[in-house]
Amino acid sequence: MAVIETKGLTYTYPSGTKRALEDVSITIERGEFVVLTGPSGCGKTTLCRCFNGLVPHFYGGKLEGNVLVTGLNVHEHSIYELARHVGLVFQNPENQLFALSVEKDVAFGLENLGVPRDEMKKRVDWALQTTDIEDLRERAPHELSGGQQQRVAIASVLAMQPNVMVLDEPTSFLDPLGAQRIFEVINELNKNLGITVVLVEHRLDLAARYADHVIIMDEGRVMLDGKPREIFGLEKTRLMGIGIPKSTRLYQVLEKSGVHLSKVPITSEEATQILKEVLNRD
Amino acid sequence: MSVFEGLRFRRVSSPIHRLDPRVKFFYVCVLFVITIMFGGTINNPELLPLIVLFFIQIPFVLAAGVKREWARSMRGAAFLVAFIFAFNFIFRYIYGNYESFALLLEYSFAMALRFLVLVESFSIFFLTTSPDHLGLALEQTHVPYEFCFAFTTAVRFVPVLAEEAQTIMDAQKARGLELERGNFIKRIKNYIPLLIPLIVNAIRRSLELAEAMESRAWGATEKRTNLYVLTLKNSDYILVVLSVLMLILAVYVRLLPPIPPLTVLLHI
């Protein structure tokens, strides 16, 4: 069943002259882990904003075409209605935490929804546990590292128990280890809780392994849409400036020089295994 | 950025910190009223009750464990205290209707001490009340949530903006900006290259914040709930009773014949 479905989505920001999105039609199934990528300024962020109604309700401008998110038409529902179903995590962790303690921040969305206190406490505890930041409960956001802040941001969205979680370059302010940890948390949410994940990411070396659906955008259009192995394996993907995983690149180089591997590797572990097979065969 | 240092909140726990901020504020107000009630006139200064008021607050400071911060705020007030003393002393001296020099000194001293007692009680309040608590108190006294939110968010972003100001300062210095050069006007002008990026960044930040707020269902219901709720505990009731008793006692003392000046009591 489709959780997010867009048809002929076209949008221009009120201040812009160029179309930020042009005829975007995608379908995201329930429980999928989607990686959305493309060069900077290609419309990824704008597309994310469509998923919870920030576009068009917050930004204004004219949105053409259809967006259905968990069965709700974005045109007809306000941001706070959509926020119950779609959680958005932003790039800069600092600017999405408002409260003076982690606990209070995680509760912020629930407070807005008017969830009773007992229920709220339970959900806050659960969200803190799931993202493994229980020990930070009392701390102030500015005392935390970027990676910790981003996990708090994820927890605060998680507490609202959304069906879909959209993360817009959540690791661009983090070091590789912090990024790795964030991806692991997101993956756990996807695999254990069945939350549909849309992850906008440039660091495909780290993120690609979790994906079961890849969408590549350029200049406001969807250029490629499909299974990770198929898409990363294409020469076209690399030429568009997408930083495909290094092991996939290795596959391409070997392919050109006449070495055929049995399948397209995404991670270095896979690449190692496939190469071993090839080497043993000869 | 030592200016911002003072605004940084530290999470400390003490019996005084745990008191309900509303009750603490009530106490401060009572103390304010009492302080205003005493002071006396030029020929009958009431230094004694002010000294008492100054010292009865010391146990609070000790119980809260904010001795150093408190001493710092007292030192901060020293200049104004000295000014008030000098102002009163000089003008009363020129005016010249005082009975004795000792009384003039005592009166000027009483006026200065009165100010110090006010600063003392307010500083105890702000030193022992976390902004978190203050925001919560505002919310529960039915101040519109938008204002409470603006307040706590402002406090939350003080360290962030201070850090940013430092970064901008470093960046501009690296490009050859000299902050400490020129006369007074020139020095103020030197800060413009810091202010503009700081303001632009703050606006950009506020947009991102608004986006994040919207995404977390801001404004979904009129009836917001709250993770924390302030409830009055026994210690809070004790402080309320104590404050009321103090007020009654002060009014009673006020109704009695005027308190003799220290100068007279000590036969100076």
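Refer to the structure printed above.
These remarks concern the structure in this document. (Residues numbered from 1 in each chain as written. Chains lettered and ligands numbered in written order. Predicted model: local features only at pLDDT ≥ 70, side-chain atom pairs only at ≥ 80, totals over all residues.)

1. Observations regarding the interface of chain B and chain A
Facing 27 residues of chain B, the contacting portion of chain A comprises 36 residues. Those elements that place two or more of their residues in the side of chain B that touches chain A are helix 8 (131–140), helix 9 (145–174) and helix 11 (192–215) of chain B. If one sorts the elements of the side of chain B that touches chain A by residue count, helix 11 of chain B sits on top with 7 residues. (Contact = placed C-beta atoms within 7 Å. Helix = DSSP H or I, 4+ residues; strand = E, 2+ residues; numbered from the N terminus.)

2. Side note on unusual backbone geometry
For residues besides glycine, phi is generally negative; the peptide bonds are generally trans as well. Residue and element names in this part refer to chain A. Between Val55 and Pro56 the backbone carries a cis peptide bond, its omega angle lying at 5°. Along the chain, Pro56 falls in helix 2 (residues 54–58). Non-glycine residue Thr70 carries a positive phi angle of around 45°. By the element assignment, Thr70 lies in the loop between strand 5 (62–69) and strand 6 (72–73). In this structure Thr70 comes out as partly exposed when scored by C-beta crowding, with 19 C-beta atoms within 10 Å. (Buried ≥ 20, exposed ≤ 12 C-beta atoms within 10 Å, placed from the backbone.)

3. Things to note about the environment of Asn226 of chain B
Relative to the helices and strands, Asn226 of chain B is located in the loop between helix 11 and helix 12 (234–255). Along the sequence, Asn226 of chain B and Leu53 of chain B sit 173 residues apart, while their C-alpha atoms lie 37 Å from each other. Sequence-distant contacts of Asn226 of chain B, that is, excluding residues within four places in its chain, are made with Glu111 of chain A together with Glu139 of chain B.

4. Observations concerning the pairing of strand 4 (residues 33–37) of chain A
Residue and element names in this part refer to chain A. With 5 of 5 residues buried, strand 4 is to be regarded as a mostly interior element. Both faces of strand 4 are covered, namely the face carrying Phe33, Val35 and Thr37 and the face carrying Val34 and Leu36. Here strand 4 runs beside strand 9 (residues 196–200); their pairing, made up of 4 bridges, is parallel. Within strand 9, the residue paired with Phe33 across the bridge is Val197. Relative to strand 10 (residues 213–218), strand 4 runs parallel, the two being bridged by 4 bridges. Looking at strand 10, one finds that Val35 is bridged to Val214. (Pairing = 2+ DSSP bridges.)

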